[in-house]
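# Analysis of the macromolecular model
Residue strings, one per chain:
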Amino acid sequence: MNADVHLNLETLNQSALKRAMGCFVTGIAVVTTRHEGVDFGMTCNSFNTVSLDPPLVLWSVQRSASSYEAFTRSGGYAVSILDADQDKLVRRFTHGPQEERFAGLPLTRLESGRVVLDGAVAWFDCSLEKSVSAGDHDVLIGRVLDFASQDDGSPLGYGRGEFKAF
């Protein structure tokens, strides 16, 4: 790539940028929280490890998301890393009323009060350490309080607009 090429962010083609970013394969998770007695959940592919000591993870939430306030004010969140056979949950947690997103699903309520999805290949329960403003999102850095993983199963991945098993 030519280092002399400069990108004009004002004229950036967002569709082309999204396609280029889609070349980076990510995992798929459902992030949940409990705020004012209500469970909130949304699909996420921005989850990542920050540090092992202390154990920190992050994900980003769009400020215009209907559940933005719940995630930024609840004090923490739980992350369920989806198994490949849970691909139908991806869309379920992208729209619709919160109670419909969770209806009929096998869940485990953690000591923190947050829920994780049964059948996930791993889960993390986190206290919110820090929120960092970044563009139209906030990056939520959480300290891992509890976690579990299973040796079997295949994590669900996403790249170039398609879901794949690892």
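Before any of the text, the structure's been laid out above.
Our subject in this report is the structure included herewith.

What counts as what
- Residues numbered from 1 in each chain as written.
- Predicted model: local features only at pLDDT ≥ 70, side-chain atom pairs only at ≥ 80, totals over all residues.
- Heavy atoms only, no water.
- Pairing = 2+ DSSP bridges.
- Helix = DSSP H or I, 4+ residues; strand = E, 2+ residues; numbered from the N terminus.
- Buried < 20%, exposed > 50% of the residue type's maximum accessible area, 1.4 Å probe, protein only.
- 1 Å grid on protein atoms, 1.4 Å probe; cavity = no way out; pocket = protein on both sides within 12 Å on 5 of 7 lines; lining within 4 Å.
- Points joined across faces, edges and corners; volume = space filled by probe spheres on them.
- Nonpolar A, V, L, I, M, F, W, Y, C, P; charged D, E, K, R; others polar.

### Let's talk about the sheet that holds strand β11 (residues 156-159)
An order of β1-β11-β12 is seen for the three strands of this open sheet, with the pairing classed as antiparallel. Here the strands that pair on one side only, and so sit at the sheet edges, are β1 (26-27) and β12 (162-165). With two bridges connecting them, β1 and β11 associate as antiparallel partners. Bridge pairing links Gly27 to Gly157 in β11.

### Focus: the pairing of strand β6 (residues 76-81)
Consecutive residues of a regular strand have side chains that alternate between opposite faces of the sheet. Among the six residues that make up β6, six are buried, leaving the element largely enclosed by the rest of the structure. As judged from the four bridges shared by strand β2 (residues 29-35) and β6, these two strands associate in the antiparallel manner. Residue pairing across strands places Thr32 opposite Ala78, the latter belonging to β6. Alignment of β6 against strand β9 (residues 122-134), held across six bridges, turns out to be antiparallel. When the sheet's bridge partners are listed, Ala78 is paired in β9 with Asp125.

### Some words on the layout of surface pockets
One number sums up the size of the largest pocket: a volume of about 860 Å³. As for the largest pocket, its lining consists of 25 residues, and the residues nearest its centre are Asn45, Ser46, Ser60, Gln62 and His137. Considering each element in turn, the lining of the largest pocket owes the most residues, five residues, to strand β5 (residues 55-62). Grouping the amino acids of the lining of the largest pocket by side-chain chemistry returns 13 nonpolar, nine polar and three charged. Taken as a whole, the second largest pocket spans an internal volume of roughly 350 Å³. Of all the secondary-structure elements, those providing two or more residues to the lining of the second largest pocket are α1 (14-21) and β11. The greatest single-element share of the lining of the second largest pocket, amounting to five residues, is contributed by α1. Of the residues belonging to the lining of the second largest pocket, the class tally is four nonpolar, six polar and three charged.

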